[in-house]
Each structure stands twice: as structure tokens, then as C-alpha cells.
Amino acid sequence: MPVPVIYITALLLFLAVLPLPLEFYSLLRVVAAGTFAWGAYRNFGKRVLLLPLAYTLFAILFNPVMEINLAKEIWIPIDLVAGLFLLLTKNHIAE
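So, here's what we can say about the structure. These figures come from a predicted structure and were not determined experimentally. (Residues numbered from 1 in each chain as written. Predicted model: local features only at pLDDT ≥ 70, side-chain atom pairs only at ≥ 80, totals over all residues. Heavy atoms only, no water.)

## Quick notes on the nonpolar core
And then number 1: In this structure, L13, L28, F36, Y55 and F62 are the most contacted members of the largest nonpolar core, which totals 26 residues.
And then number 2: At the level of secondary structure, the elements contributing two or more residues to this core comprise α1 (3-15), α2 (22-43), α3 (50-61) and α4 (72-88).
And then number 3: Counting residues per element, this core draws most heavily on α2, at 7 residues.
And then number 4: Not counting the four nearest positions on each side in its chain, L28 is found in contact with L12, L13, A16, A33 and D79. (Core = buried A, V, L, I, M, F, W, Y, C linked by side-chain atoms within 4.5 Å. Buried < 20%, exposed > 50% of the residue type's maximum accessible area, 1.4 Å probe, protein only. Helix = DSSP H or I, 4+ residues; strand = E, 2+ residues; numbered from the N terminus. Contact = heavy atoms within 4.5 Å.)

Set out below in C-alpha cells:
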């Protein structure tokens, strides 16, 4: 995955703490789920077990098909942690 896509996904996750239209959050789910699914795919063959599990967890949380509905107060820390996680682990999924 190109590094700019990782940065854009992290930016979208950080912007998600703001009160934005519902369409933004639908787009965020698609982009974030795709990015985290790619991260899980890229890391399953490696010896580090924690990374693919974390990527998979985030991919499930942001899954746009079977949405997990949580209160906004719960989503805010999840979005922040997910964005920070992407930035800290970008070298593991970047091409």
C-alpha cells in the first residue's frame, strides 16, 4: 500500500472525532477497513503475531458490511488509537 494512502487513512481517522455528516463515516469505514485488511494480509506471513491480529481487529471494527454500532464517545478513542497505530506501523504495510 502506498504511504500516502496510509497517511490519508490516518487523517480521516483523526477527523472522525469531529461532528461530520454520516456519509463521511460511511466512507471512513470503507477506507479504514481496506487499509487495515491490507495490513493484516501483509503481516500474516511474518513472525510478528501481534501486528496481524491488531490489523484484523481494526478491520473488523471498521467493517462497512456488518457495522458495529457504538456510541460516539466510544468511537473517538478507537479512531485516535487506530490512526496512531497506522502511523506507527506504516513501515510494516507500506510498499
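## Thoughts on the packing of α3 against α4
And then number 1: The N-to-C vectors of α3 and α4 enclose an angle of 140°; their axes lie 12 Å apart at closest approach. Viewed along their axes, α3 and α4 adopt a mutual orientation that is oblique. Where α3 crosses over α4, the two elements pack in a sense that is left-handed. Listed contacts from α4 to L51, A54, Y55, F58 and L61 of α3 are W75, I78, V81, A82, F85 and L86.
And then number 2: Here the contact of α3 with α4 is composed, by residue class, of 11 nonpolar, no polar and no charged. (Axes fitted to C-alpha atoms, helices over the stretch in contact; angles between N-to-C directions. Parallel < 35°, antiparallel > 145°, perpendicular 65-115°, else oblique. Left-handed = near helix turned anticlockwise from the far one by under 90°. Nonpolar A, V, L, I, M, F, W, Y, C, P; charged D, E, K, R; others polar.)

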